[in-house]
Amino acid sequence: MHKVQSAIARSKSIDHQLDEDREKKQKEVQLLVLGGASSGKSTFIKQLRIHHGDGFPVDERSKHTGDIYENVSDALNLVLDHVKKFEGQCNLKENEVFARSFQEMFPRWRHRYITKVCPSPVGAGVAMLEAEIVAVPCGMTQNECGPAPDYVRLREYCAQILALWRDVAVRNSLLRKHEFEPALVPAEEYFLEHLTRLLTPVYIPTLMDVLYIRKPTLGVQEHTFVSDGLSYRVIDVAGQMNQRKKWIHFFDDVTAVFFFVSLSGYCETLEEDAMLNSLDDSLASFTEVIHNSFLVKTDFILFLNKRDLFEKRIKSVPLNACFQDYKGNSVSEALTFIKDQFTRRQPKDKTVYTHVSCAIDTELMRCIIRDVMNIIVEINLRKANMPL
Amino acid sequence: MFYLYGGEDGEDEREDPGSGDVGSIAGRVAVVLTVTDSSCGDSDVVDTPTERRVKRWSFSLEELLADATGRHEFQMFLEKEYSSENLHFWNAVEELKGLPHSQVPSRVHTIYQQYLGPGALHEINIDGKTMEETVEAMKSPSRFTFDKAQAHIFLLMKKDSYQRFLRSNEYKALLANAVIPSTKKKFFAFGNKKKSPNPSPKSKRRGSASSMMTTDHCLAANTLTQHSYSTGNLQELDTTRSSKSSPSECTIEEQKTSNHRSLSPSSFMKKLNDLVRSENTRSNLEVPSHPAQLTADTQQSDDGGGGSSESDEPAGSSIALNIAVPNTKHNVVAPWEEDI
């Protein structure tokens, strides 16, 4: 008897839960943010947080100091590598000495840092016993196996770094920064410009600093926020080619797809494949996603991002370096041409809303996000009235 | 009061919990500490790690990955974020480093096909340059073929997933549920010791297989019956357990943990290993995953009543302790202090 009662109670509570879920779902909008690597997806999420979230209070911003210093350290390493290449060494001896120790203390993270070998569950001891591993490949001595540097410590070397920064050899090398290989990314250029401010002991990142951070996203992240009674679930993904197969997990139940394209990519290649032009790749993946059978009924909002960089770059590198059939010569013509490339590839019965954006421009993004929200609400209403 | 270990830097206390021979006193003390601190070696996955252990994971990704439980929790977290292939790859490369030389080339190819090659099922996120270098290194497969890719993945995880893991609700929950083995509570409840119904551990200490089930284990075993109903009294279980361990037992326990890893295992040890394995795959509801507790349960059932009645008492005192001395939970008290 007791069992029956509890079963009924449970069934009721499940029904209740289902009702609640259904109601919640109607009020919930799922947005999927797609696009190539470093096209500004995560930056856009940060903008959402600024305009519809907590807006990065001071303590949230200070949590990003480490990331910023990591970008700074990467940039300094790159500059110092090129000082060696262009000038041989720094002008002042103490700067040269510090440059050496700096590069040892804060190595550029890519390729240099070797993980500490942890005791693995499967016979780590065996490896030690075997005599044949005498030949440790170069650059992998025991000394380098220490823990990764704590980049916040950069601050302790403030005076030396700034002295180094003023060194004639460093200045001269920076004049040739367009020759850098690999090139400084915009985030690194920005942080180097503000180096003096960043290294003060009381430094707290500004909103702009937080927006500029370059940090690759891994896997898939969900962010939720509430605006005008609707709760938004925004899904941020990693954009590298080898990560795109994960996108499909989220195609179901999506209200709208935000597709990000880096406009400045017309003269860049992919970090995961140096043979592929970034804009070409964006076009290809856009075509693939927009024709995906799961997304037939899903609306697309296309963000042609990094407008500021594009405008700067188009002056020195003409667009027909990438598209031979481009004949125009003004910035707006170039923009229209690129926009046209995307709209040509969409299915005929589909509306794609296009925005030319600049994800680090907070004021511009405020308008764009407002427009986009209106579109989303519209889509949501349409979907609610649509017979299933 | 003698504090053996009071700092927060978990670095120096990891004296390779798997090493079998602990010759010097210093080494022994170090391992005793590890055992007292984390209840069992870092190479075991436990359901509820101690608070110190969970906190140590926040020091660095290296610390997290060096701990099997930490690795496991991180793995679960990454699965939710659809990026667990990175840790799988990292693990596979670590494993590769420990393989006999003869198996290395074939394993290198397996790893390549699984994580790197075109159309790999669990393709990892590495850039073109690292990929190029790895393909180049594939021409002469060795233990170090994937080192660059591994380092790249490690840093990606460190920069992104690990930071989020530390801020995640999962990590906060781990920290909140972590057990706090407060040995200090004995100050307030030292009277308990006399009432202990368990046979003196000294009578059957060293060498015999049954010494595995001295007080701390059978206490765990006795309270296990309660835990099948509720997991609410986790903390008291652990406090009881750690309060009971005397230095000799710890040393024995530590030898046993290392024994059933590398040294000549008796048939009992084999059985134990099986138990440990099955224990690890259990659901989270079954709380204590001490290797010996199940065997202990059957063999020492005669003093079951005493054990569980005692376990009720420390709960109150441990709360009292937490209020009175909130900051001392990190200090591990020398186990022989309990005789005060």
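Small disclaimer: the values here were computed from a predicted structure and weren't measured. (Residues numbered from 1 in each chain as written. Chains lettered and ligands numbered in written order. Predicted model: local features only at pLDDT ≥ 70, side-chain atom pairs only at ≥ 80, totals over all residues. Heavy atoms only, no water.)

### As for the pattern of salt bridges
- The tally for this structure, following the rule as stated, stands at 30 salt bridges over all chains.
- For B:E81, the salt bridge identified is with B:R164, shortest N-O distance 2.8 Å. Of this pair, B:E81 sits in the loop between helix 4 (68–80) and helix 5 (84–97) while B:R164 sits in helix 8 (residues 147–167), and the two are 83 residues apart along the sequence.
- Under the relative-accessibility criterion, B:E81 is labelled buried at 8%.
- One connected set of salt bridges, linked through shared partners, spans A:R49, A:D54, A:E60 and A:K63. (Salt bridge = Lys/Arg side-chain N within 4 Å of Asp/Glu carboxyl O. Helix = DSSP H or I, 4+ residues; strand = E, 2+ residues; numbered from the N terminus. Buried < 20%, exposed > 50% of the residue type's maximum accessible area, 1.4 Å probe, protein only.)

### Some thoughts on the packing of aromatic side chains
Residue and element names in this part refer to chain A.
- Counted by the stated rule, this structure contains 26 aromatic pairs over all chains.
- With centroids separated by 6.0 Å and ring planes inclined at 45 degrees, the aromatic side chains of F98 and F102 adopt a geometry described as tilted. You can see F98 and its partner F102 sitting in helix 5 (residues 93–105), 4 residues apart, about one turn around the helix. The same class applies to F98 and to F102, which are both buried.
- Taking the centre distance of 5.3 Å and the plane angle of 45 degrees together, the rings of F102 and F106 count as tilted. Judged on exposure class, the residue F102 and its partner F106 are both buried.
- A cation sits over an aromatic face here: R49 above F56, 4.2 Å from the ring centre.
- Positioned above the aromatic ring of W165 is the side chain of R171, whose terminal nitrogen or guanidinium carbon lies 4.9 Å from the ring centre. (Phe/Tyr/Trp six-rings, centres within 6.5 Å; stacked < 30°, edge-to-face > 60°. Lys NZ or Arg CZ within 6 Å of the ring centre and 35° of its normal.)

### Observations concerning the nonpolar core
- Grouped together as the largest cluster of nonpolar side chains are 44 residues, with contacts concentrated most on A:I161, A:F191 and A:L195.
- Counting residues domain by domain, this core receives three or more from each of domain 1 (30–57 + 217–384) and domain 2 (65–106 + 149–204) of chain A.
- If we ignore the near neighbours within four places in the chain, the residues touching A:I161 are A:L76, A:F98, A:F102, A:L154, A:L195 and A:L199.
- Residues B:A92, B:I126, B:F154 and B:A178 belong to the second largest nonpolar core, which totals 37 residues. (Core = buried A, V, L, I, M, F, W, Y, C linked by side-chain atoms within 4.5 Å. Domains from an automatic or database assignment. Contact = heavy atoms within 4.5 Å.)

### Section: the sheet that holds strand 2 (residues 220–227) of chain A
Residue and element names in this part refer to chain A.
- Taken in spatial order, the 6 strands of this open sheet run 2-3-1-4-5-6, and their pairing is mixed. Strand pairing shows two members of the sheet lacking a second neighbour, strand 2 and strand 6 (352–356), which therefore form its edges. The mean angle between the axes of side-by-side strands here comes to 20 degrees, regardless of whether they run parallel or antiparallel.
- Of the strand pairs in this sheet, strand 4 (residues 256–262) and strand 5 (residues 299–305) are connected by 7 bridges, and their pairing is parallel. (Pairing = 2+ DSSP bridges. Axes fitted to C-alpha atoms, helices over the stretch in contact; angles between N-to-C directions.)

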